[in-house]
Amino acid sequence: MKFILLLFLFPVYCFARIDVAFLELRTYDGKVIQLEPNGQFAHIAISYQNKWLHAHPYRGVEIISTEALQKIGAIKTIITISKKNSLNESVVKSFLNTPYDSSFTWGNDKLYCSELVAKLLNIQPQAMKFEASFWPQKFKNLRGQFGISPDDIFNFLKNRGYQSHDIKNQCSKLF
């Protein structure tokens, strides 16, 4: 009987947490895209109702499956934020279908991937540098404006004591 109860509660445990997925993206010739010098991640998504919420360059803010997320890039690590709370549904719904912000401007009516996650987790923006060779000159002119990168969020969460873990053995792999 205890075993059956555990089997029943296991999915609840898996789905009652917030995971943040950090993705590695590559160029067509196989080079890792680094948004910051020595950066690891070029995309980020957050779990929501057993799927992933992210900002896509063509479709804007959307909810997608793990399989669809893995087509965008390699999920390199996941940080679990909470095992009790979930994202505020009304806030998530207000962000859905918001256009993608290709100018990486904080606080306008568009969102880029890490801005979306930062706003959902109440992480404050910081002065952007655009120092990596990836960025064209027009973005280097935006240095000092507020924003946030996937690596910034990763470092913020790690500095707050959250542990990163491999997706292979986690409940997130189920969805």
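Residues numbered from 1 in each chain as written. Predicted model: local features only at pLDDT ≥ 70, side-chain atom pairs only at ≥ 80, totals over all residues. Heavy atoms only, no water.

**Here's the deal with the pairing of strand 3 (residues 51-56)**
Across the six residues of strand 3, five count as buried, placing the element largely inside the fold. Between strand 2 (residues 43-48) and strand 3, which pair antiparallel in sequence order, lie two residues; one of them, Q49, sits at a positive phi of approximately 50 degrees. Here five bridges tie strand 3 to strand 4 (residues 60-64), and the two strands are oriented antiparallel to one another. When the sheet's bridge partners are listed, H54 is paired in strand 4 with E62. Counting the residues that bridge the hairpin from strand 3 to strand 4 gives three residues. (Buried < 20%, exposed > 50% of the residue type's maximum accessible area, 1.4 Å probe, protein only. Helix = DSSP H or I, 4+ residues; strand = E, 2+ residues; numbered from the N terminus. Pairing = 2+ DSSP bridges.)

**Quick word on the environment of L23**
In this structure, L23 sits in strand 1 (residues 18-24). Sequence separation between L23 and K76 is 53 residues, and the spatial gap between their C-alpha atoms is 5.5 Å. Beyond its immediate sequence surroundings of up to four residues, L23 is in contact with Q40, F41, A42, H43, L69, I72, G73, A74, I75 and K76. (Contact = heavy atoms within 4.5 Å.)

**A closer look at unusual backbone geometry**
Although it is not a glycine, Q49 adopts a positive phi angle of roughly 50 degrees. Note that Q49 resides in the loop between strand 2 and strand 3. For Q49, a relative accessible area of 53% translates into the label exposed. In this structure, N50 is a non-glycine residue whose phi angle is positive, near 70 degrees. Here N50 lies in the loop between strand 2 and strand 3. Classification of N50 as partly exposed rests on a relative accessible area of 30%.

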